[in-house]
Structure formats: structure tokens, C-alpha cells
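So you can see what is in the structure, the chains are spelled out below.
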Amino acid sequence: MQGFKAKFRVATLVAVAVWTGLAALYGLLKPISNGCIMTYMYPTYIPISSLEGVSSEKYGLYLYHEGWKKIDFKEHLKKLSGIPVLFIPGNGGSYKQVRSLAAESDRAYQGGPLEHTFYQEASLTPEEGGVDFDVAGFQLPNRYTSRLDWFAVDLEGEHSAMDGGILEEHTEYVVNAIHRILDQYRASYDVREKEGAATSGSLPKSVLLVGHSMGGFVARAAIIHPRLRKSAVETVLTLSSPHQSPPVALQPSLGHYFASVNQQWRKGYEVETTRTGRFVSDPVLSHVVVVSISGGYHDYQVRTKLESLDGIVPPTNGFLISSTGMKNVWLSMEHQAILWCNQLVIQVSHTLLSLIDSRTGQPYANAQKRLAIFTRMLRSGIPPSFNWKMQSQLASQKLKHVSMKDVKHAAAACPSNVHWTDDGLERDLYIQTTTVTVLAMDGRRRWLDIQKLGSNGKNHFIFVTNLAPCSGVRLHMWPEKGTSNSNLPLSGRVVEVTLKMVSIPSGPAPTQIEPGSQTEQAPPSAVFWLGPEDLHGFRFLTISVAPRPVFLFMKILFLLLSSWEVISNLLFLCDASISWMHHLKHT
């Protein structure tokens, strides 16, 4: 009997362990709903002959063509006159993964630049050289003058994340491929000239590199390769690529190669001087711009920390951005999905096309201009955090319950010249739900009971609107009754927090020109957030809408959320509002 019980316990333990392992494996491998739209294309891959004198039977180089019609490869190569872009696949990747980026780039070139209506454009920070950059004299293009010619290297699907030796072989071939691409443009130009065809425009002197996963690191390794021609590469865009170190260093050679390449990059951005400190020349890599795009929290293969450029590329020459914070994207995505996620692919395509100088037909030579374009096209302009400067001011006000006279001079109070009295408000409304939507400027004040609505751990307040702070909407926090010994009336002990609202990227609503058509509503222009430490000590929060007879749309979203829900829901609100505006535009 004892033996049976022991066997039963062992069998139970094994069954539980197997079930737990299978459940964990399923959770790791099951598809994640990321909100990405699939990208569709009609791909054709044109093989490019090997460079003379270089043995490349193992690997290959292809030119992508978008279109369902059959083409003559030789004739197509004769017409080669765009901007060369080389795609480098990652660990176990295929050259055919270029198809989404190449297809959308072709559509973007034909359709023209994105509308500049809905977003304010981000600018360079002081650390990135924004102080010395002439923002007023620089604008994004209003039309694209050159198309992108997408090339891709076929690395035979080798697992470059497993061995440093494979990475070195890939780097060697990518250098040869860059030279072969530039030589192909010269050959195509000579053929057109011999045949009397149009030969306007200049030949490209550099190739844009786009690398996925380990391909992004290979792109950087190729730039510091001793055989690479001078200025043959000046712009690198990496997608979910590890830069700091390999995700898993299975062999010492892998870690050593990463360390060696990164060390050369650090030296490449140092000013060259003599032993006495006399200036010799600018940094070797001063003309190179690198932008790293991470997939966010859904990419469990390469974490964002490894994709950072800190300590490798200075802020004046590159930055890291997550897909969750990219303009027009706002999504996290898996390691492979970043190659086909249509929202991201479209934004990247327009970004690369915007790098081309309309006067020369080639990418901007100035590194700061290229970095500024990446900043404007990829960054959303939304503040990176909600740590307002007046946080400590508000906390002290809550303890003291200062009078309205003092509050008027606080950072969160509206200016004295912007005033509309309570007499202008119609009857008050008392809200019983955690979500409020206001469809007109109705001149009413809405009361929200913080304690009643903030039950069950819902202790964060989020507010999104397209009304102007102070002139269109005002927010006040009211203390609990009986907690203050002040003889002032209750209206004199409120704290106004209107100016804690932070502007988010938006623009004026476009109007329908046709008679009788509906005017499109303005997208959200401000967001406001309060945490439990801000709400503590207050009983009510009021939302006062200006009493103006203007029938504009205003959407106010009030959500009481638990701590872990705040950021994801805030991004969802902004994204949903913007998506809704685009939906209205096309209906």
C-alpha cells in the first residue's frame, strides 16, 4: 500500500510539472493580438550578378520590384535611378522579408507625403543639437522626388545569433554588396548614356541600410569595416536589433565580436587630436546617423534594453524609439511582426523617402538634418512622462487648502484675464459613472465624487479633450467637507488644476467643402492625469465646460483606473480617438 501511494505521488507530481510546462510553452508561443494590419504586395526578386573577383556562391543579392506584371530583368536594371536601400535579414531570416517595406515604399512614393494635419511635429532636444539647428528654415518635403530601390542580401537563413564567425562572414558580404550596388548604378547609367537615353540626375554615393534583428548589428559592423568605401553608408535604421550585447551569448566569439564592434563605434565618434591635444579632424563617424526601433513589450526575443544606443552612438547622431511611441503606430509587436506591421511599415517608408533632398535627388548630406527628419517623422511629440513641475506645489496646496486668491497665482490656475463666473454655468450635473462623454459646450459643471467612483482600486483620473484649457474647460478639486478650519466658504477652498493639462500632438479639424456635408471634428489636443497621491484629501472633482453657444464637438473621457492600467489605457485613448477621426474622414 505504501508503495502505491509513493508511485501515485510521483505520477501526480510529474503530471503537474508536464501540465505547467505545456501551459507555459503555450503562453509563450501563442499568437499575440497586437492590432497590426497585414501588408500585401506583388513581389518580384531580381538577382544581381556577383562582383567580379569576389567569391559569393554562398550568398546572394536581389533587387525588389513591386507589381504583378512580368518584367524583363535586364531592361529593369537599365532604368535603375532611385535611392539604394539595402535590407539585411536577421537570425534565420530571408531576403524575401524585404517585401513589406519595399511594397509600401513604392505606394508611398506614388501617393506622396503623409498629411501634416493631425499632428504637431517633434523637434530635436538640446542634447541632440536642437539648440543650434535652424528649425524655422527646415521643412519636410511636400512631394517625393526620388523613389527607393530596395535591395536585399540572401544570407541563406544562417543563424547569425549563434556564432560570431557567422556574423563576420555576413559583415564581409554586406560590404561587398554595398559596393556591388553602387557599381550597378554606374553600370546602368553608362548603358543609358550609350543608348542615348535620359541620364539626368546624379549617381548615388551612399546606400541606406535597414537591418532586422542581428541584421541591424551587421549593418553597424559593416560601417566600421576597413574595406568599406568612404561615405558609402551614412544612414542606418534597425528594427528590433540588439546593439549593447547579443541576446544569448552561446559562444565567446559572439560576445567578443559585439564588444569589438561597439568599441570601434565609440572611438569613431571621438574627435581626433594629436598627443598635445591639437585638433586633427572631426570624428570618423560624425556623418553617420543610426536610429533603432524596438518592438516594445511584445518582443520577448530582443528586449528594448539591448536595442539602446546609449554609450555607442551619441544623441547628436541617433536615438532609440519604441513602436509604442511612434507617430501613427502606437503598437507593440513581436520580433517578426515588426517587418510586416502595416502601421509601422508605412511610417518607416515615408520617413526614408523624406530623407531625400529635392534639390539634389540624394539623401541630405547633413547628419543633423537627417536626424531631424527621423525625429519629426517617428516621434509623436507627446511628453515622455507625466511628472509635471507643479507636482510639489499641488501637494502643498492640498495640505494647506489655500484660498482661491492664492490659487489664482499658482502654476495650475488659469490667468486672471481668462474668467467666466459660476453664474454663466447652467445647472450642475452629478455624475454616477466612471466615464463621461460631453458632446457640446453646454455651459455645465459636472461633479464627480472621487471616493464613491474611486472604489475597487480605481484611483487614477484620466481626462482627454479637444477644448482649450481655461477658455474652453476648467478643472477644480474640492476638499472634503469639515476637514478645513477655514472660515472661508467652500468655493474659496478649491484648487484649480486646469493648467496641469499637457498638450498632445494635434491640429485643426479639416472641413468638408461640399454643401451640406458634416464638418470633421478636431482630434484630442490635451491630456490630464492625476494619481492617488494627487487625489488624496479631496472629495470632489469638477469639470466645467464654457458656456458658449458654439456647437463644437468635445469629448471628455473620465476613467478611474488601477495603477497598472494607466499607461496602456492612456495610449489606447489617444490612439482610438485619432483612429476615430480618420474613420470619420473617409465616411
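Naming follows an unreviewed UniProt entry, where the protein chain appears as GPI inositol-deacylase PGAP1-like alpha/beta domain-containing protein of Carya illinoinensis.

Asker: Sorry if this is basic, but what is going on with the overall build of the protein chain here?
Answerer: When you go through the protein chain residue by residue, the secondary structure sums to 14 helices and 19 strands. Within the protein chain, the proportion of its 587 residues that are buried is 51%. Look at the contacts in the protein chain between residues 6 or more apart in sequence, and 78% of them connect residues 24 or more apart.

Asker: What's the story with the nonpolar core in this structure? I'm lost.
Answerer: The nonpolar side chains of a soluble globular protein tend to be buried, and buried together. Of all hydrophobic cores here, the largest spans 51 residues; its most connected members are W150, V210, I293, M333, L344, L352 and F374. Ranked by the residues each element gives to this core, the list is headed by helix α9 (residues 367–378), at seven residues. Those residues in contact with M333 that lie beyond four places of it in its chain are N34, C36, G295, H298, D299, S323, I338, C341 and L344. L63, I88, V218 and Y269 belong to the second-largest nonpolar core, a separate cluster that totals 48 residues.

Asker: What should I look at first to understand helix α5 (residues 214–223) in this one?
Answerer: Side chains that are three or four residues apart share a direction in an α-helix, a result of its 3.6 residues per turn. Extensive coverage of α5 is indicated by the burial of 10 of its 10 residues. Along its buried surface, α5 packs onto β3 (83–88), α4 (164–194), β5 (208–212), β6 (235–239), α6 (252–268) and β9 (289–294).

Asker: Please clarify how the state of the cysteines should be interpreted in this entry.
Answerer: Each disulfide is one covalent bond, formed between the sulfur atoms of two cysteines. Enumeration over the complete set of coordinates arrives at one disulfide. Through a disulfide, C36 is tied to C341; the S-S separation comes to 2.2 Å. The disulfide joining C36 to C341 has a torsion of about -90 degrees about its S-S bond and is therefore left-handed. One end of the pair, C36, is in the loop between α1 (2–29) and β1 (43–48); the other, C341, is in the loop between β10 (318–322) and α8 (342–354), and 305 residues separate them in sequence. Judged by relative accessible area, which is 0%, C341 ranks as buried.

Asker: Looking at this structure, I do not really get the sheet that holds β9. What am I missing?
Answerer: Backbone hydrogen bonds are what pair the strands of a sheet, in a parallel or an antiparallel way. Ordered in space as β1-β2-β4-β3-β5-β6-β9-β10, the eight strands form an open sheet in which the pairing is mixed. With one partner strand each, in any of the chains shown, β1 and β10 form the two edges of the open sheet. Between one strand and the next, the sheet's axes are offset by a mean angle of 25 degrees, whatever the strand orientation. Pairing geometry for strand β2 (residues 60–66) and strand β4 (residues 148–154), over four bridges, is antiparallel. Bridge pairing links L63 to F151 in β4. Strands β4, β5, β6 and β9 of the sheet are contacted by α8, whose axis makes an angle of about 115 degrees with β4.

Asker: Looking at this model, I keep getting lost on the environment of G454. Mind explaining?
Answerer: Secondary-structure assignment places G454 in the loop between α12 (450–453) and β13 (460–465). Distance in space between the C-alpha atoms of G454 and L535 is 9.9 Å, their sequence separation being 81 residues.

Asker: Just to check I follow, could you spell out the pattern of salt bridges for this structure?
Answerer: A side chain of one charge can pair with a side chain of the opposite charge if their charged atoms are brought near each other. The final tally for this structure, using the stated rule, is 14 salt bridges. Where D357 meets R359, a salt bridge forms, and the shortest distance between an N and an O atom there is 3.2 Å. Judged by relative accessible area, R359 falls into the exposed class, the value being 70%.

Asker: Any chance you could explain the packing of aromatic side chains here in plain terms?
Answerer: Describing an aromatic ring pair means giving the distance of the ring centres and the angle of the ring planes. Tallying each qualifying case throughout the model produces 12 aromatic pairs. Geometrically, the ring pair formed by Y45 and Y95 is edge-to-face, given 5.4 Å between the ring centres and 85 degrees between the ring planes. Placement of Y45 in strand β1 and of Y95 in the loop between β3 and α3 (99–111) is noted, with a sequence separation of 50 residues between them. For Y45, a relative accessible area of 17% translates into the label buried. Judged by relative accessible area, which is 12%, Y95 ranks as buried.

Asker: What exactly am I supposed to notice about the sheet that holds strand β12 (residues 445–449) here?
Answerer: Ordered in space as β11-β12-β18-β14-β15, the five strands form an open sheet in which the pairing is mixed. Of all the strands in the sheet, just β11 (429–431) and β15 (495–496) have a single pairing partner and so form its edges. Inspection of the sheet shows strand β14 (residues 473–479) paired to β15 by two bridges, in the antiparallel sense. Of the residues in β15, the one forming a bridge with M477 is V495.

Asker: Hey, could you run me through unusual backbone geometry in this one?
Answerer: Most of the time, phi is negative for any residue but glycine, and the peptide bond is trans. Positive phi outside glycine occurs at E156, with the angle close to 60 degrees. Of note, E156 is situated in the loop between β4 and α4. At S240, a position not held by glycine, the phi torsion is positive, near 50 degrees. Mapped onto the fold, S240 is located in the loop between β6 and α6.

Asker: Where do I start with the confidence of the model for the protein chain in this structure?
Answerer: A low pLDDT means the predicted coordinates there should not be read in detail. Considering every residue of the protein chain, the mean pLDDT works out to 78; 73% of them sit at 70 or more. For the stretch residues 387–410, pLDDT sits under 50, and the model shows 43 contacts to residues farther than four places along the chain or on other chains. Scored below 50 in pLDDT, residues 507–520 makes 20 contacts in the model with residues more than four places away or belonging to other chains.

Reading the values: the criteria
- Note that residues are indexed from 1 along each chain, following the sequence as it is written.
- Local features in a predicted model are, by the rule used here, given only for residues with pLDDT of at least 70; side-chain atom pairs are given and counted only at 80 or more, and totals for whole chains, interfaces and linings are based on all residues.
- Side-chain numbers come from the whole structure's heavy atoms, not from hydrogens or water.
- Helical segments are the DSSP runs of H or I of at least four residues, strand segments are the runs of E of at least two, and each set is numbered from the N terminus.
- Exposure classes here rest on a 1.4 Å probe applied to the protein chains alone. A residue is buried below 20% of its type maximum, exposed above 50%, and partly exposed in between.
- Whether two residues are in contact is decided by their heavy atoms: any pair within 4.5 Å suffices.
- For this analysis, a nonpolar core means a set of buried residues of the types Ala, Val, Leu, Ile, Met, Phe, Trp, Tyr and Cys, connected via side-chain atoms within 4.5 Å.
- Two cysteine sulfurs form what is called a disulfide whenever their separation falls within 2.5 Å.
- Note on pairing: DSSP must find at least two bridges between two strands before they are called paired.
- Between N-to-C directions, angles span 0 to 180 degrees; the directions come from axes that are lines fitted to C-alpha atoms, helices contributing only their stretch in contact.
- Should a side-chain nitrogen of Lys or Arg be within 4 Å of a carboxyl oxygen of Asp or Glu, the pair is scored as a salt bridge.
- Under the pairing criterion, centres of Phe, Tyr and Trp rings, with the six-membered ring standing for Trp, must be within 6.5 Å; the plane angle then separates stacked pairs below 30 degrees from edge-to-face pairs above 60, leaving the rest tilted.
- Each residue carries a pLDDT score, the predictor's confidence in it, ranging from 0 to 100.

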